[in-house]
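Report on the structure
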Amino acid sequence: MNYLSKVFTLVALVAVLAACDDGDDGDRGPQGDAGADGAAGLNSLTRQTDLAVGSAACPTGGVLIESGLDVDASGTLEDSEVTESSTLCAANSEFNFNRVASFLVCSQIDATCDTDEETAAEIVAASADGLTLIYSDSPREEIGFVDITDPTNPVGIATVALSGEPTSVAVTNGFAVVGVNTSSDFINVDGELAVFDIATRALVTSIDLGGQPDSVAASPDGSYVVIAIENERDEDLGDGAPPQLPAGELIIVDSAGDPATWGTRTVDLTGLADLYPTDPEPEYVDINADNLAVVTLQENNHIVVVDITDGSIVSEFSAGAASLTQIDLTEEDPAIISQTETPATPILREPDGVAWINSQLFATADEGDLDGGSRGFTVFNIAGDVVFTSGNSNDHLTARLGHYPDGRSGNKGNEPENAEVGMFGNELLLFINSERSSLIFVYNVADPANPELKQILPAGVGPEGGLAIESRNLLVVASEEDNRGDKIRSVLNIYQYDQTLPSYPTLVSVDRTDGTPNPWSAMSGLAADTSVDYLMYAVEDSFYGSNRIFVMDISQQPAVIIDEITLVDSNDVFAGIDTVAVAAGTAADDPARLDVFDSEDLAALINADKTVNIDPEGIAQASDGGFWVASEGAGTVGDAGRPVNSLNFVFKTDVNGVIEDVVTLPDAINAQQLRFGFEGIAEFDGSAYVAFQRVWSGLGDTNVRIGIYSVADDAWTFLFYPLETPTSQNGGWVGLSDITALGGGEFLVVERDNQGGPDAAIKRLYTFDVTGLSDGDTVTKTLVRDLVPDLQASGGLIAEKVEGSAVTLNGDVYIINDNDGVDDNSGESQLLNLGDIL
């Protein structure tokens, strides 16, 4: 019996006891004489029937409880004896969304996505039965069809070419209606509504729109299709600001009957907004069950509600501004996430996507465009009153999950793009798609004035359109960014709502003393504590300045960053290294190699507060309780495009992160520096072992180096590790990422290629033993695990950079990926426990 059944059984037993009938008492006899017993009453019976997920009575699953009297004295409650019934549905907290698949849009071009051609799934709709998805693909000027009969295994059906750029798609009465931009320029605007039969994918008709469409929405009753005619401005004209005519408008299509008979009506939106009344630029539209359309005029920071039955304007109002505190407004290089600033004035919301919560309330995703973007979402009523605003909470949540895009701090932060609402079980849920952090915030809006955060879901880069398929307990989100060179592919993210525990996030952080989350990202090296079984350490790489060590409690799910240790040069150990000595490896007779690393370079690595800006790629706990940190060098000797401005360093710190010693490579090795240097570090038998990432061919090497620094001898020796030959369909290289000491001379290493998604091929764990080996020997490696299946299990794309590995005291092996500081990256960080696999 599962947990829910046990709970329901207990509840049912309580109900039985309360309803039990012992029979009527007999008449009271004369005083002094006992009265005769009354007739025995009928026994009360109950029965319960499990209800599956998706049942009409309990979409979330549960139990049907029926009761009645045992009229035929059979001891079994028959159908004819049932007098009362009730249902107990599963607790909503036990139903969650998990990503079960990511459909690669590029697979519609090539089955394995072996193509550089750009795609972009922007807006997604579904057939009435929820079995077929239809998405818009702007770069390829087409729409795509995907079979999700099995949502865990979506299959591309076909693509259909259009006459121009699709801007949106919706479904009504068995037809896919597609807004198509056929404008020749920003002044000579034109467009059409292309109507396709979903079953045959044939074009049924095209309706001239007379302008450039953006959002398309269909009414729930199938009577209307509404198109926001944006007639967007030329952002390169002057300062790019409105007004730029021609003005946009709203078009209503009466969509009952044969599409050939559909007619159109126009709603004039000029003269409403205060900012640019002649240039409304409607952005997004959604329709409720009362056939009221809510329309965002993003650049105008304005919202209009229209009765589409007659085209009348019900209300129109400014979206207003949000007063924010404790956000990050500054973009540093290297990055520093500091959510401690307050804008001088309130920030205009400038909403993009909008979705009705009920007949009176709707939610806006306040993305921003010109001067706004309040980094969250807002719930309005039809009159324009703010019912709820999320303030800084979305930015803070992204920082807590390692998804904060610091490169957008000076703009719009996490940048909420779109909103969707769906009823799942008895949960009314609001989904907010965060474009720059590639997250989906899920809120229970049973009380829209107090949305309750339910979950945060990972997505492909740039989530745009969202679709709740309530009948199938599915959520689909289209992520539009696609760049093979950046290891980004456009996908349709598919999430299942069921009783599975949430699989994401895998790592979160606690608050700092100022109440803001301890921000983290770009995790590289990983190490387990050598005496406490639930503690683990990680480091952030050079994307961030004032580098830190993170202390993680892995006994919790998700794991929790409970502390941060900032690396500091309090005693000027780093500042005092002999730059002449470390530069001496630049042969004096070769001017091209002079000053590869000088005092100016060193000064740039140490901040005024003695924190350091290095490139931590590996970490290990030292035998004295302090830490070893491997910092990768920056630049390649002889490469004018990537000049050397940092060497490879081994830092030894105390338990508080204070630098105690700094070690670099021998001069002759530094003289041939390749930018792919130190990646991982481990301690064994009085020495620090460092894994180089790639082969330094300038040294005549054919295999990658494992450097061994003897603390007692202050000397280096080297072993060599044979890397696999790249096998990715996209080429690339293979290198090492981390190294862990297992004891007895055995080590674990991460070997990976530099490919992600469908191009990823080599993500592996190997072991090797150094027992009996001498300087210059080549190790023999043994395959422990192919990590590709583990990385695929999350339902997302395979991460390129599996950067960290660690082994706990109980033998469990952990890995983590580097999310590149959410720069050209979804920000997804997977801290995975592979179990005792050694």
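This is a predicted model, so every value here is computed, not measured. (Residues numbered from 1 in each chain as written. Predicted model: local features only at pLDDT ≥ 70, side-chain atom pairs only at ≥ 80, totals over all residues. Heavy atoms only, no water.)

Some remarks on the sheet that holds strand β11 (residues 191–197)
To summarise the sheet geometry, strands pair through backbone hydrogen bonds and adopt either a parallel or an antiparallel arrangement. Quick reminder of the rule: One bridge is not enough; two strands pair if DSSP finds at least two bridges between them. Helix and strand assignments follow DSSP, with helices taken as H or I runs no shorter than four residues and strands as E runs no shorter than two, numbered in order from the N terminus. Where helices are involved, their axes are fitted lines through C-alpha atoms of the stretch in contact, as for all axes, and angles between N-to-C directions lie from 0 to 180°.
Read from one edge to the other, the open sheet built from four strands follows the order β9-β10-β11-β12, with strand pairing classed as antiparallel. Both outer strands of the open sheet, β9 (165–172) and β12 (203–208), are each paired with one neighbouring strand and no more. For this sheet, the mean angle separating the axes of adjacent strands, direction not counted, is 20 degrees. The pairing of strand β10 (residues 175–181) with β11 spans seven bridges and is antiparallel. The partner of A176 across the bridge, within β11, is F196.

Things to note about the packing of aromatic side chains
Rules: Here a Phe, Tyr or Trp ring, Trp counted by its six-membered ring, pairs with any other such ring whose centre lies within 6.5 Å, and the pair is stacked when the planes are under 30 degrees apart, edge-to-face when over 60, and tilted otherwise. Think of it in three bands: residues with accessible area under 20% of the maximum for their type are buried, residues over 50% are exposed, and the middle band is partly exposed, with areas taken using a 1.4 Å probe on protein chains only.
Per the stated rule, a full pass over the model turns up 31 aromatic pairs. Both rings, one in W716 and one in F718, keep their centres 5.9 Å apart while their planes meet at 5 degrees; by these two values the pair is stacked. Considered together, W716 and F718 belong to a single accessibility category, that of buried residues. Members of the aromatic cluster, each reached through a chain of ring pairs, are F678, F692, W696, Y709, W716 and F718.

Structural notes on the sheet that holds strand β37 (residues 548–553)
The five strands are arranged β34-β38-β37-β36-β35 in an open sheet whose pairing can be described as mixed. The open sheet is flanked by β34 (507–509) and β35 (523–528), the only strands paired with a single partner. For this sheet, the mean inter-axis angle between neighbouring strands, taken without regard to orientation, is 35 degrees. Direction of pairing for strand β36 (residues 535–540) relative to β37: antiparallel, over a ladder of five bridges.

Concerning the state of the cysteines
The condition that has to hold: Pairs of cysteine sulfur atoms within 2.5 Å are identified as disulfides in what follows.
Tallying each qualifying case throughout the model produces one disulfide. Shown here is the disulfide that connects C106 with C113, its sulfur atoms set 2.0 Å apart. Residues C106 and C113 share a disulfide whose torsion about the S-S bond is about 95 degrees; that sign makes it right-handed. Judged by relative accessible area, which is 1%, C113 ranks as buried.

Quick look at the pattern of salt bridges
Quick reminder of the rule: The working definition used for a salt bridge is a side-chain nitrogen of Lys or Arg within 4 Å of a carboxyl oxygen of Asp or Glu.
Applying the stated criterion across every chain, the model contains 35 salt bridges. In this structure, E66 engages R47 in a salt bridge whose closest nitrogen and oxygen atoms are separated by 2.7 Å. Residue E66 is found in strand β2 (residues 62–69), and its partner R47 is found in strand β1 (residues 44–51); the two are separated by 19 residues along the sequence. Note on R47: relative accessible area 27%, which makes it partly exposed.

Quick word on the pairing of strand β7 (residues 142–147)
By the criterion of burial, β7 is predominantly enclosed, with five of the six residues buried. Two elements, strand β6 (residues 132–137) and β7, share six bridges in a ladder whose sense is antiparallel. Residue pairing in the sheet places Y135 in a bridge with G144 of β7. Adjacent in sequence and paired antiparallel, β6 and β7 are bridged by four residues, among which E141 carries a positive phi angle near 50 degrees. Pairing of β7 with strand β8 (residues 155–161) involves six bridges; the strand directions are antiparallel. Across the sheet, I143 pairs through a bridge with V160, a residue of β8.

Observations concerning the side chain of S127
Worth spelling out the cut-off: Pairs of residues are marked as contacts when any of their non-hydrogen atoms sit within 4.5 Å.
Note on placement: S127 falls in the loop between β5 (121–126) and β6. Excluding its chain neighbours within four sequence positions, the residues that come into contact with S127 are T132, I134, V171 and I198.

A look at helix α2 (residues 393–400)
Counting buried residues in α2 gives six out of eight residues, a clear majority hidden from the surface. All of the buried residues along α2 are N394, D395, H396, L397, T398 and A399. Buried residues along α2 sit against β25 (377–381), β29 (439–444), β30 (452–458) and β34. The first or second residue beyond α2 is G402, which carries a positive phi of 80 degrees.

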